[in-house]
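# Reading the structure
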Amino acid sequence: MSKSSIHLKFRNTHQISARIHDTTPKPPSYEKEEASLLVKELRGTFASGRTRSYEWRISQLKALLKLADDNEQQVADALNSDLSKPQLESIVYEIALLKNSCKAALKELKHWMTPEKAKTSITTFPSSAEIVPEPLGVVLVISAWNYPFLLSLDPIIGAIAAGNAVVLKPSEIAPATSSLLAKLVGEYMDGSFIRVVEGAVAETSALLEQKWDKIFYTGNGRVGRIVMAAAAKHLTPVLLELGGKSPVVVDSDINLQVATRRIIAGKWCCNNGQACISPDYIITTKAYAPKLVDALKNELGTFYGKNPLESKDLSRVVNSNHFARLTKLLDEDKVSGKIIHGGERDESKLRIAPTILLDVPRDSLIMTEEIFGPLLPIITVEKLEESFDIINSGTKPLAAYLFTNNKKLKERFVMSVTAGGLVVNDTTLHLAVDTLPFGGVGESGVGAYHGKFSFDAFSHKKAVLYRSFIGDAAVRYPPYTNGKVGLLKALMGGGVLDIIRALFGLSKV
Ligand code: NAD
């Protein structure tokens, strides 16, 4: 037994929770034993049943809303420290989206919690049935660095709305936001049921060894596989919010200026392309590409000026690892000559200018890996229809976008392109519509959330059938006779004539 685990024997659970909320520097690793004690403690408090009440859920949703309301500037400052995220993007895409999500849950919770009546059939007559949502128990939320405030707390709205106890593990790659989250959640939320554990791989691994009732993970597919493998050991269900290469198909019969601005809004105005549903690449026709490129250059000039590396309206690349990853994509031999706009970089400030590349080879790294940064390749085709096959030949993206006025093309896009979500004539906005499920398919994720889908993601839908003592049919009990078999077959088949025949002994067995 290690020295630290011997020390752990003398810690009580109260001390452990104090360490979890504490923002002073932590010991280097979060031990498996601590993780185990934390889950044990939360299982104990969850068993009290308090989280099941409507009142507790509402009080925690209100507390979360107040947390976001009271600390807007602190959150924006932390995001600026982690990513140089522009204030507007922090206020709108992290804080306002979270508040809206909270308000929707507060408004709809009663309705979401109400059991849903279900139809019954003649097979169980007389009976009634309902579907009762119940909390799963103690759940783990592991979040990513790119929208570190929203992606940490939005899943928690679903978890507490559904009545669960929850542990949040924010991303260590956004350390200022991570420690602010630990502090604020400790101050505002009910610590008997809602905890934050800060840390990196060691801490996440210690948490992943525990048995949870659901694991909600946001991040890349490589770690997604680690999460799913760890969950499989305990048969724990997972919700995986992953990424992918989200394409934009651009037709020629469009309002080019509006389309261009909306592509830029989804790419560089979303954390400088470090967003899971940012446009990853464009497909357009050879004939139309020059017009589109000119429009993109014009609008980028208007938005970010002559020296975008100095623009305060662009986030920086999160860290030097990601900077190296992105420059590797740009510096590949068959790609570096394809830059037609931007390409400037400043390693000391972790900045890369908005960069457009034309006709990069389809087997280049930039076209085979998720870009997740300010680089936008354009590939060209003879006929736009070819683009749907190109998209479907890759792994299933998290989002796909089409700009067109052509009704038939829209229909074909919706019917034939598989992606987590589609948007026609805009980018990324489906994320803000909480009546739509948000999630991936195939390699871009498992499951979905937002609005009611978040509540459902953290609920078990319990099937309940009610019967009384009347209508007790001898036909289901031994001794089994041919007549009973015939009648039961007819009853289960549901045909009235067959039932009548069976009752008169006229049916074939
Ligand atoms: P990240 O590096 O912050 O990692 C995410 C989480 O995984 C962190 O909490 C981290 O501690 C944990 N982690 C990392 N390595 C681990 C390991 N070996 N074992 C256990 N846990 C580990 O974030 P990231 O993965 O760089 O995020 C970017 C990716 O996430 C992109 O692919 C992006 O598309 C995707 N993403 C998806 C969504 C979505 O909603 N679908 C949102 C944001 C990001």
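As a starting point, this report considers the structure included with it. A quick note: this is a predicted structure, and the numbers were derived from the prediction, not measured.

Attention now goes to the overall build of the protein chain. When helices and strands are tallied, the protein chain shows 20 helices and 18 strands. Summarising its shape, the C-alpha atoms of the protein chain cover approximately 85 × 65 × 45 Å along the three principal directions. Within the protein chain, the proportion of its 509 residues that are buried is 43%. Within the protein chain, contacts between residues separated by at least 24 positions form 68% of all contacts whose residues are at least 6 apart in sequence.

Let's shift gears to the nonpolar core. By size, the foremost hydrophobic cluster in this structure holds 127 residues, and its most contacted members are Val-139, Val-141, Ile-157 and Val-166. Looking at which element gives the most residues to this core, the answer is helix α7 (residues 150-161), with 8 residues. Both domains that meet at this core, namely domain 1 (30-242 + 452-460) and domain 2 (247-439), each give it at least three residues. In contact with Val-139, not counting residues within four places along its chain, are Ala-159, Asn-164, Val-166, Trp-212, Asp-213, Lys-214, Phe-216 and Phe-458.

Every second residue of strand β8 (residues 247-250) is oriented toward a common face, with Pro-247 and Val-249 on one face and Val-248 and Val-250 on the other, all of them buried. Bridge analysis of β8 against strand β9 (residues 281-285) gives 4 bridges, and the strand direction is parallel. Paired with Val-250 across the strands is Thr-284, a residue of β9. This β-α-β element, β8 to helix α11 (residues 256-267) to β9, shows right-handed connectivity. The pairing of β8 with strand β15 (residues 399-403) spans 3 bridges and is parallel. The residue bridging Val-250 from the neighbouring strand is Phe-403, located in β15.

Our next topic: the site of the ligand. In the region of the ligand, 28 residues are neighbours, and Ser-171, Gly-219, Glu-241, Gly-243 and Cys-276 sit closest. Element by element, the count of residues in the shell around the ligand is highest for helix α9 (residues 201-208), at 3 residues. A breakdown of the residues in the shell around the ligand according to their chemical character gives 13 nonpolar, 11 polar and 4 charged. When residues of the shell around the ligand are assigned to domains, at least three fall in each of domain 1 (30-242 + 452-460) and domain 2 (247-439).

The next point concerns the packing of α11 against helix α12 (residues 289-304). Between α11 and α12, the shortest axis-to-axis distance is 9 Å and the interhelical angle comes to 60°. Here α12 runs oblique to α11, going by the angle between their axes. Helix-helix and strand crossings are classified by hand; for α11 and α12 the assignment is right-handed. Taking contact as the criterion, the partners of Leu-256, Gln-257, Thr-260, Arg-261 and Ile-264 in α11 are, on α12, Lys-291, Ala-295, Leu-296, Glu-299, Leu-300 and Phe-303. Counted by class, the contact of α11 with α12 contains 6 nonpolar, 2 polar and 3 charged residues.

Here we come to the sheet that holds strand β17 (residues 445-446). Across the sheet, which stays open at both edges, the 6 strands sit in the order β5-β4-β3-β6-β7-β17 with mixed pairing between neighbours. On the outer flanks of this sheet lie β5 (194-196) and β17, each paired with one strand and no other. Here 3 bridges tie strand β4 (residues 165-169) to β5, and the two strands are oriented parallel to one another. By the bridge assignment for β5, Val-167 is matched with Arg-195. Along the sheet, helix α8 (residues 175-188) makes contact with β4 and β5, crossing β5 at roughly 160°. Contacting β3 (138-142), β6 (214-218) and β7 (238-241), helix α10 (residues 221-233) crosses the sheet at an angle of about 180° to β7.

Basis of the calculations
- Residues numbered from 1 in each chain as written.
- Predicted model: local features only at pLDDT ≥ 70, side-chain atom pairs only at ≥ 80, totals over all residues.
- Helix = DSSP H or I, 4+ residues; strand = E, 2+ residues; numbered from the N terminus.
- Buried ≥ 20, exposed ≤ 12 C-beta atoms within 10 Å, placed from the backbone.
- Contact = placed C-beta atoms within 7 Å.
- Core = buried A, V, L, I, M, F, W, Y, C linked by C-beta atoms within 7 Å.
- Domains from an automatic or database assignment.
- Pairing = 2+ DSSP bridges.
- Right-handed = clockwise from strand over helix to strand, strands pointing away.
- Near = placed C-beta within 6 Å.
- Nonpolar A, V, L, I, M, F, W, Y, C, P; charged D, E, K, R; others polar.
- Axes fitted to C-alpha atoms, helices over the stretch in contact; angles between N-to-C directions.
- Parallel < 35°, antiparallel > 145°, perpendicular 65-115°, else oblique.
- Left-handed = near helix turned anticlockwise from the far one by under 90°.

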